[in-house]
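Spelled out from the first residue to the last, the chains are:
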Amino acid sequence: MNPGREKLTAETQRSQRLRREVLKLRHYRPPSLICSAGILNYDSKVNPRLKLAAACLLLILGAFALPSSAQNTTDLVAQPISPAIYRVGEHLTFNVSFSNFISAAHIELLIAARGTFFNREAIQLRGHVETTGVVNAALFAINNDYITYIDAATGLPFRGQQIIREASRSSEISADFNQAAGTAAIPQKNTEFPGTYDFLSAIYRIRALPLRDGSSYSMTVRGGNVNYQIEVRVTGRQAIKTNVGSFNTIISQVRVRNDSQANGYNTKIYFSDDERHVPVLITAKLSAGELQAELAGSEFIATPAVPPAPIATPNPIPAPVALPTPSPVTVPGVRPVATPTPSASDDRSLADLPFKVGEQLNYRVYLPNIAASVGMATFQVRAHSKYFDHDGLLFTASAQTTNALQQLFTANDIMSSYVDPKTLLPFHTELSLTEGRHRFNSKLAINQDYGTAISEKGDRIEIPVGTHDYLSFFYALRTFSLTPPRRSAISILVNNKPKTLFITALKRETVQLGSQSIPAIQVSLTTDDPQTDKFQLQAWISDDKRRLPLRLTAMTQLGLMRADLAIIPVTSQ
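The rules behind these values
Residues numbered from 1 in each chain as written. Predicted model: local features only at pLDDT ≥ 70, side-chain atom pairs only at ≥ 80, totals over all residues. Heavy atoms only, no water. Helix = DSSP H or I, 4+ residues; strand = E, 2+ residues; numbered from the N terminus. Buried < 20%, exposed > 50% of the residue type's maximum accessible area, 1.4 Å probe, protein only. Contact = heavy atoms within 4.5 Å. Areas by Shrake-Rupley, 256 points an atom, 1.4 Å probe, with all protein chains shown as cover. Salt bridge = Lys/Arg side-chain N within 4 Å of Asp/Glu carboxyl O. Polar contact = N/O pair within 3.5 Å; in protein donor to acceptor, adjacent residues only side chain to side chain. Pairing = 2+ DSSP bridges. Phe/Tyr/Trp six-rings, centres within 6.5 Å; stacked < 30°, edge-to-face > 60°. Lys NZ or Arg CZ within 6 Å of the ring centre and 35° of its normal.

Peer 1: Would you mind going over the overall build of the protein with me for this structure?
Peer 2: Along the protein, the regular secondary structure elements total nine helices and 29 strands. Scored against the burial criterion, the 573 residues of the protein give a buried share of 54%. Partitioning the contacts of the protein with sequence separation of at least 6, the portion at a separation of at least 24 is 55%. Carbon and sulfur atoms form 50% of the exposed surface of the protein, whose accessible area is close to 25900 Å².

Structure (structure tokens):
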């Protein structure tokens, strides 16, 4: 036997097998990667320009309210303040999209309290910015909290704090803004910036302006070690449609006088044309793609009472925390994100659910005969807020192929589901699928009372009352009674058609995830189709109060696909 010929034959056979797999993938489209545990990840060797663009995220999101010194502009300090802007309890949430990433980051703004802080009458502002999904995993990880104390009469900040989290470490930065009104009350320790705003106070100060047509305003804003001189000019009005409704808006153009790169972003802010001047939409054009921050929720929540005034110290303790960082979680694959403290009514409506706002589940996806994972998926309970005039929970899921499969087949799926927090039934669902050359986008407004779903094109779909989408079912399943051999049935939308899905609890067994053995309940999922178990869908749910989906399997043309809850390290924040 010729060793060289034998080696060549083996390589040829491997090449032929690979070619057959490629042909399969070109003609194969799974029902939905998200539905069958999904596939999400991104090559860590990304284009450096994308990393630079992502690094500008905080600058844009903060600097959209940063104005400067220029001719024919108005000094903000001399402008009157609208009290409607600083109403305690106002909670705004934003979804940030970047380039082709529909959900790149999440922003929260909260007016947390009004009272005596550091021996002076003040308002406490809080903000949270966090990148999500592929952007967080592969481009730029941001998970930062901001606290600013402003003078209640002028809107000028006198103390700012930033909590910056990077990988396994976190740091806290404080700065005093030595405004003329309260110099004596501020300890002379930290760096001082007279007459200067920080990003958070600037956002609210701009909102408190008259914003008349043709007017322009300037101020200095401190970001990191840089003072930005920026001008905001009102250029017109426009009707804007968002997920939370339609708004008549005031268009403002942002110019950064002392930073040519930031000035080239052509940043625009669309404020609601009412007394509150809520930022409805912020847009910026980066070289790597357009960045948009769109209003996703607006509500007033109950905030903790202000405690007795603290005495100013070199390292004063922050006043009441309204956006706490969740405690470390030790369950595999779960990574919480910072979320606002819910009101008492929120606590009562969500207390019995096996998951909490901020929960994130990460899955690695495997196929037969491939040792490395072929994809990853992320499921998140994003927020509890008001959406489309409904009290709702926002669930999101993203899925993407990884290096092991991307050379053969590329997938990038994203789904959002807005559900009633009491029933977990969806009232709005959005789906964006990119699988090979196939593209599919869908938005449905669902009326559970009348049993209808209306597409964005106006198509009407008749559905049984109590119909779930893929994502709402993923979470609702965790609330079901799963004592073997119990069987349940629900209605679910599949390709915009209602199907009956049967859930059968088969048996209790132990699932091995990494080095951990976890008690679980095996569940089968079948439909009312002629071939009821075509995809052999099964799930293993943890046999505890959290009911975590530990493992999901489905039969595909490439073999049995398995998604396992990822074991990730958890560090205190």
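On we go from here.
Peer 1: Would you mind going over the pattern of salt bridges with me for this structure?
Peer 2: For side chains bearing opposite charge, pairing can occur when the charged atoms are close. Here the structure, examined in full by the defined rule, presents 16 salt bridges. Residue E359 pairs with R478 through a salt bridge whose shortest N-O separation is 2.8 Å. Of this pair, E359 sits in the loop between α7 (344–350) and β15 (360–366) while R478 is found in the loop between α9 (470–476) and β24 (487–494), placing the two residues 119 residues apart along the sequence. A single burial state applies to E359 and to R478, both of which are buried. With a closest N to O distance of 2.8 Å, R508 and D543 form a salt bridge. Of this pair, R508 sits in strand β25 (residues 497–513) while D543 sits in the loop between β27 (537–542) and β28 (549–556), and the two are 35 residues apart along the sequence. For D543, a relative accessible area of 31% puts it in the partly exposed group. The structure contains a network of salt bridges with shared partners spanning E90, R207 and R276.

Peer 1: Honestly, the environment of H384 in this entry has me stumped. Any pointers?
Peer 2: Take H384: it is sitting in strand β16 (residues 375–387). The sequence separation of H384 and P421 amounts to 37 residues, and the corresponding C-alpha distance is 8.1 Å. At 2.8 Å, the side chain of H384 and the side chain of D391 are in polar contact.

Peer 1: Help me understand the pairing of strand β13 (residues 279–286), please; the structure alone is not making it clear to me.
Peer 2: Side chains on a regular strand alternate between the two faces of the sheet. When you tally the buried positions in β13, you get seven out of eight residues, the bulk of the element. As paired elements, strand β12 (residues 268–272) and β13 share four bridges and run antiparallel to each other. In the sheet register, F271 faces β13, and the bridge partner there is P279. As consecutive antiparallel partners, β12 and β13 are separated by six residues, and within that stretch H277 has a phi angle of approximately 50°, a positive value.

Peer 1: Please clarify how the packing of aromatic side chains should be interpreted in this entry.
Peer 2: In this description, a pair of aromatic rings is defined by centroid distance and the angle of the planes. The tally for this structure, following the rule as stated, stands at 15 aromatic pairs. Arranged with centres 5.0 Å apart and planes meeting at 90°, the rings of F118 and Y149 form a pair that is edge-to-face. Of this pair, F118 sits in the loop between β3 (101–117) and β4 (120–131) while Y149 sits in strand β5 (residues 143–151), placing them 31 residues apart in sequence. Looking at Y149, the relative accessible area reads 0%, which means it is buried. Note on F355 and Y475: the rings are 5.1 Å apart at their centroids and 70° apart in plane angle, and the pair reads as edge-to-face. Remark: Y475 occurs in helix α9 and F355 occurs in the loop between α7 and β15; sequence separation between them is 120 residues. The structure contains a cluster of three or more aromatic residues connected by ring pairs, namely F355, Y363, F379, F395, F474 and Y475. The residue whose ring lies beneath R87 is F300, and the NZ or CZ to ring-centre distance is 3.8 Å. Taking NZ or CZ as reference, R159 lies 5.7 Å from the ring centre of F118, over its face.

Peer 1: Got a minute to help me understand the side chain of S272 in this structure?
Peer 2: Following the sequence through the fold, S272 ends up in strand β12. According to the relative accessible area criterion, S272 is buried, its value standing at 2%. At 2.8 Å, the side chain of S272 and the side chain of D274 are in polar contact. Within the structure, S272 has its side chain in polar contact with the backbone nitrogen of V278 (distance 2.8 Å). Apart from the residues lying within four places of it in its own chain, the contact partners of S272 are F247, N248, T249, I250, H277, V278 and V280.

Peer 1: Honestly, the side chain of R207 in this entry has me stumped. Any pointers?
Peer 2: Looking at the secondary structure, you find R207 in helix α5 (residues 199–207). Taking relative accessible area as the criterion, R207 reaches 1% and is therefore assigned buried. Here the side chain of R207 touches E90 through a polar contact of 2.9 Å, side chain to side chain. Apart from the residues within four sequence positions on either side, R207 is in contact with I85, E90, L92, F271, R276, H277, V278 and P279.

Peer 1: Where do I start with the pairing of β16 in this structure?
Peer 2: With 12 of 13 residues buried, β16 is to be regarded as a mostly interior element. Bridging between β15 and β16 involves six bridges; their strand directions are antiparallel. Paired with Y363 across the strands is A377, a residue of β16. Bridging between β16 and strand β17 (residues 390–401) involves 12 bridges; their strand directions are antiparallel. Each residue of the ladder has a partner; that of F379, found in β17, is A397.

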